[in-house]
Amino acid sequence: MATEFHNLQELRHSASLANKVFIQRDYTEGTICRFQTKFPSELESRIERSLFEDTVKTLNNYYAEAEKIGGQSYLEGCLACTTAYLIFLCMETRYEKVLKKISRYIQEQNEKIYAPRGLLITDPIDRGMRVIEISIYEDRGSSGSSSGSSSTTSSSGR
Amino acid sequence: MYSLKHLGVAEPMRECEYSQISTRSSTPMESPHKRKSLKKKWQAFQGRNKFYCDGRIMMARQTGVFYLTLVLIVVTSGLFFVFDCPFLSSHLTPAIPVMGGVLFGFVMGTLLRTSFSDPGVLPRATPDEAADLERQIDVANGSGTTGYRPPPRTREVVINGQTVKLKYCFTCKIFRPPRASHCSLCDNCVERFDHHCPWVGNCVGRRNYRFFYMFILSLSFLTLFIFSFVITHVILRSHSIGFLSALKDSPASVLEVVVCFFSVWSIVGLSGFHTYLIGSNQTTNEDIKGSWSSKRGKDNYNPYSHGNLFTNCCAALCGPLPPSLIDRRGYVLPNTPLPAPPTNGITMYGATQSQSHMCDQDQCIQSTKFVLQAAATPLLQSAEPRLVTEELPLPGRTSLGGPCPSLLLGQPTPPTSTPSLSCDGEIIPPHPSHPPEPPHLHPHAPHHHHAPHPHHHFLTPEEAPSPPGMLPCGSPLSHSHTVPFYHPASQDSLHEDSVRGLVKLSSV
């Protein structure tokens, strides 16, 4: 995690907490993990709508893949049951594998798309899968107010 | 801190840091101490749970009945193996103790797995999230009600054609996902909350429901197994020596029969009940409340059911096992937004920041660069690279310019520890208003709801508005979090210094 980040963040954090955008969960399809693709108004000037929607849709697809109930998950479940779940001492569950893919994807998105626009996405797993937290950094030269920020890395403390 | 020493600015920074955190030290030699002072997340956990084995095991607060369960199972099975199995294996078949052993092992395994695992606890909202939600709610309700709790907050969502109300949890400061519920005993919101089971000493929720079901199923088989074979044993013995003598010869059998007889009815009944629940994809909570019962309305149906029995069963028992959301064994990092910010907000935050240089330095560099690419370009004109000395007056920014230029410039000093251990994170103590055992929560503990099954206390979780005693704590908490950071007087100097920080970094 960026040490400079932390320090900058705390400054910005101290100045204004209001500019973090939270993408909430979309429960219309039940309890599976899905985030709303509605484009928040705070990001209108910061990023193109299509890029944002692509990111969220890809994340939703990843989560759907993780929670998919199908042949592979049944096999994994039965195998785990027969080995009294000891197999998970040596093997990762499919969900965990997909979560790793997700955090790599988020990091890549941050590097390529969001950071150059002064935004940062927090991995939802760090927020209990409740929200996608997007921190907005504002250009100090252009406006007086600064924005809040958050710890962004998915690797810290996990 | 290595980099501080390299920059030669350790002295003044140490002065600033010293007054805030006694466990902090700027010398590299004291890193082991720093690491010892790092708290793990389970130690700072907000719910009323007990943790063992350094956070690997998680149980509810009251575990007395769980030990009773263990004792009953172990003693009864032990008596069976010691007193009945020798006779049975010699007169009938040695497969009996073997099968008994397998069943017993399975029962114990699933019991321990149910009791020790995280049932699917939802971590509480970070202060920023809570504030954001509050704002949204205020906008929706039209705020202005101070002095008493506003009406319960709900959101409606349509799931598969059914309108489901999502309730706001005042304790966890989140809108509960569908099927989640707040357990008043454990003081946590749990996903797909089934019930709180005192017999296993834990909540039963999304992550441990299948283990719970297999526990009661295998326990039913074990109980029936022991019951039937003990009776067989007594009958076989009484053929030769008479009934009463047979009983006298193996008195343990009497005890086993009594225990098994009373257990069979409840455990088998419970297994049947949960088989029905699994087949219809309902939780105990929903069944008790009659959420999807047709008595509520003609169009009332369960939106979560997959339609057929087989799919429902497979989904419940063999579906993917989600990971724990609460990350018990991770370290509390100083900048991790914890739900209960400390009272001495400004000093804690300010001081902790200076300690976090060594965290994930490679990522630090990369991500810093990327953000600054976006943010720093117009600032290049107003460059004033003499950053370090400017930072000293405010403790929170002592290390702003310090370590990073050295990191960006050179070979970054290799991380002194693995990323997960990296941060010399400050121990953020739980808020004094939220002591581990808040007295006003205790009245909830003996508050058991009437159970339809003799052996089980189904504790229908309340909607759990936080007890009145907690509310006054709640608002000053969020205020204490924000207010110390926003001093209008010093905002300008803060801005200036952060500008300098940005410039310094971007110019490297």
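As the structure is a prediction and not an experimental result, all values here were calculated from the model.

**Q** What is the right way to read the overall build of chain B from this model?
**A** Across its full length, chain B carries 18 helices and ten strands. Within chain B, buried positions represent 53% of all 508 residues. Across chain B, the fraction of contacts at a sequence separation of at least 24, relative to all contacts at a separation of at least 6, is 71%. For chain B, the accessible area works out to roughly 22000 Å², and carbon and sulfur atoms hold 64% of it.

**Q** So what exactly am I meant to see when it comes to the nonpolar core here?
**A** Within soluble globular proteins, side chains that are nonpolar generally end up buried alongside one another. Leu43, Ile47, Phe52, Tyr63, Ile102 and Ile134 of chain A are the most contacted members of the largest nonpolar core, which totals 37 residues. Within the second largest apolar cluster, 34 residues are counted, among which are Phe80, Leu88, Trp199 and Leu277 of chain B.

**Q** Explain a nonpolar patch on the surface here, please?
**A** Residue and element names in this part refer to chain B. On the surface, Val254, Val258, Phe261, Phe262 and Trp265 cluster together to form a nonpolar patch covering roughly 530 Å² of accessible area. Relative to the helices and strands, Trp265 resides in helix H9 (residues 251-280). Note on Trp265: relative accessible area 60%, which makes it exposed.

**Q** Hey, could you run me through the packing of helix H3 (residues 71-82) of chain A against helix H11 (residues 309-318) of chain B in this one?
**A** Each packed pair of helices is defined by two parameters, the angle between the axes and the distance between the axes. At a minimum axis distance of 9 Å, the contact between H3 of chain A and H11 of chain B shows a crossing angle of 55°. With respect to each other, H3 of chain A and H11 of chain B are oriented oblique. The interaxial crossing formed by H3 of chain A with H11 of chain B has left-handed handedness. Contacts between H3 of chain A and H11 of chain B involve Ser73, Tyr74, Gly77 and Cys78 of chain A from the former and Thr311, Cys314, Ala315 and Cys318 of chain B from the latter. Partitioning the contact of H3 of chain A with H11 of chain B into residue classes produces five nonpolar, three polar and no charged.

**Q** Please explain the side chain of Asn312 of chain B as it appears in this structure.
**A** All names here are of chain B. Examined against the element boundaries, Asn312 turns out to sit in helix H11. For Asn312, a relative accessible area of 3% translates into the label buried. Only 2.6 Å separates the side chain of Asn312 from the backbone oxygen of Gly279, close enough to count as a polar contact. In this view, Asn312 contacts Ile278, Gly279, Ser280, Asn281, Ser305, His306 and Gly307; residues no more than four positions away in its chain are not counted.

**Q** Looking at this structure, I do not really get the confidence of the model for chain A. What am I missing?
**A** As a note on interpretation, predicted positions should not be read in detail where pLDDT is low. Looking at chain A, the pLDDT average stands at 77 and 76% of residues meet or exceed 70. Within chain A, the lowest mean pLDDT, 42, falls on helix H1 (residues 3-15) of chain A, and the highest, 92, falls on helix H2 (residues 49-66) of chain A.

**Q** Sorry, what's going on with the sheet that holds strand S8 (residues 188-190) of chain B here?
**A** Strand-to-strand pairing in sheets goes through backbone hydrogen bonds, with the strands running parallel or antiparallel. All names here are of chain B. Spatially, the three strands line up as an open sheet ordered S3-S8-S7, and their pairing is antiparallel. Edge positions in the open sheet fall to strand S3 (121-122) and strand S7 (181-183), since each of these has one partner strand only. By the bridge criterion, three bridges tie S7 to S8 in an arrangement that is antiparallel. For Cys183, the partnering residue across the bridge sits in S8 and is Asn188.

**Q** Can you walk me through the packing of aromatic side chains in this structure?
**A** Note on aromatic pairs: each is described by the distance of the centres and the angle between the planes. Residues and elements named next belong to chain B. The full count for this structure, using the stated rule, is 17 aromatic pairs over all chains. With a centroid separation of 5.7 Å and an interplanar angle of 75°, the aromatic rings of Trp292 and Tyr304 are classed as edge-to-face. Remark: Tyr304 occurs in the loop between helix H10 (284-289) and H11 and Trp292 occurs in the loop between H10 and H11; sequence separation between them is twelve residues. The same class applies to Trp292 as to Tyr304, namely buried. An aromatic cluster of at least three residues, connected via ring pairs, comprises Phe80, Phe81, Phe104, Phe225 and Phe229. Directly above the aromatic system of Phe175 lies the positively charged group of Arg155, at a separation of 4.2 Å from the ring centroid.

Basis of the calculations
- Residue numbers restart at each chain and count upward from 1, following the sequence in its written direction.
- To label them, take the chains in the order written and letter them from A, then take the ligands in the order written and number them from 1.
- Per-residue local features of the predicted model are confined to residues with pLDDT of at least 70, and side-chain atom pairs are confined, for both listing and counting, to 80 or more; whole-chain, interface and lining totals are unaffected and use all residues.
- Hydrogens and water molecules were not included; the side-chain quantities draw on all heavy atoms of the structure.
- Per the convention used, a helix needs a DSSP run of H or I reaching at least four residues, while a strand needs a run of E reaching at least two, with both numbered from the N terminus.
- Buried residues are those whose accessible area, probed at 1.4 Å on protein chains only, stays under 20% of the maximum for their type, while exposed residues exceed 50% and partly exposed ones sit between those limits.
- Residues count as neighbours in contact if any of their non-hydrogen atoms are within 4.5 Å of one another.
- A 1.4 Å probe and the Shrake-Rupley method give the accessible areas. Residues count as covered only by the protein chains that appear here.
- What is meant by a nonpolar core is a set of buried Ala, Val, Leu, Ile, Met, Phe, Trp, Tyr and Cys residues, joined one to another through side-chain atoms within 4.5 Å.
- Residues forming no salt bridge and having over 30% relative accessible area are the ones grouped into patches, like charges within 9 Å of each other and nonpolar side chains (Val, Leu, Ile, Met, Phe, Trp, Tyr) within 5 Å.
- When a carboxyl oxygen of Asp or Glu is within 4 Å of a side-chain nitrogen of Lys or Arg, the pair counts as a salt bridge.
- Axes, fitted as lines to C-alpha atoms, cover a helix only where it is in contact. Angles between the N-to-C directions of the axes lie from 0 to 180 degrees.
- Angles below 35 degrees are treated as roughly parallel, those above 145 as roughly antiparallel, those between 65 and 115 as roughly perpendicular, and all remaining angles as oblique.
- The hand of a helix crossing depends on one turn: near helix anticlockwise from the far one by less than a right angle means left-handed, and clockwise means right-handed.
- Residues were grouped as follows: Ala, Val, Leu, Ile, Met, Phe, Trp, Tyr, Cys and Pro as nonpolar; Asp, Glu, Lys and Arg as charged; and all remaining residues, including Gly, as polar.
- We define a polar contact as two N or O atoms separated by no more than 3.5 Å, with the added condition that, inside protein, one atom must be a possible hydrogen donor and the other a possible acceptor, whereas residues neighbouring each other in sequence contribute only through side-chain atom pairs.
- The score called pLDDT rates the predictor's confidence residue by residue, from a low of 0 to a high of 100.
- Pairing between strands is defined by DSSP: at least two bridges between them are needed.
- Classification of ring pairs rests on two measures: the distance between centres of Phe, Tyr or Trp rings, Trp counted by its six-membered ring, which must be within 6.5 Å, and the angle between planes, read as stacked under 30 degrees, edge-to-face over 60 and tilted in between.
- In our convention, an over-ring charge means Lys NZ or Arg CZ found within 6 Å of a ring centre and within 35 degrees of that ring's normal.

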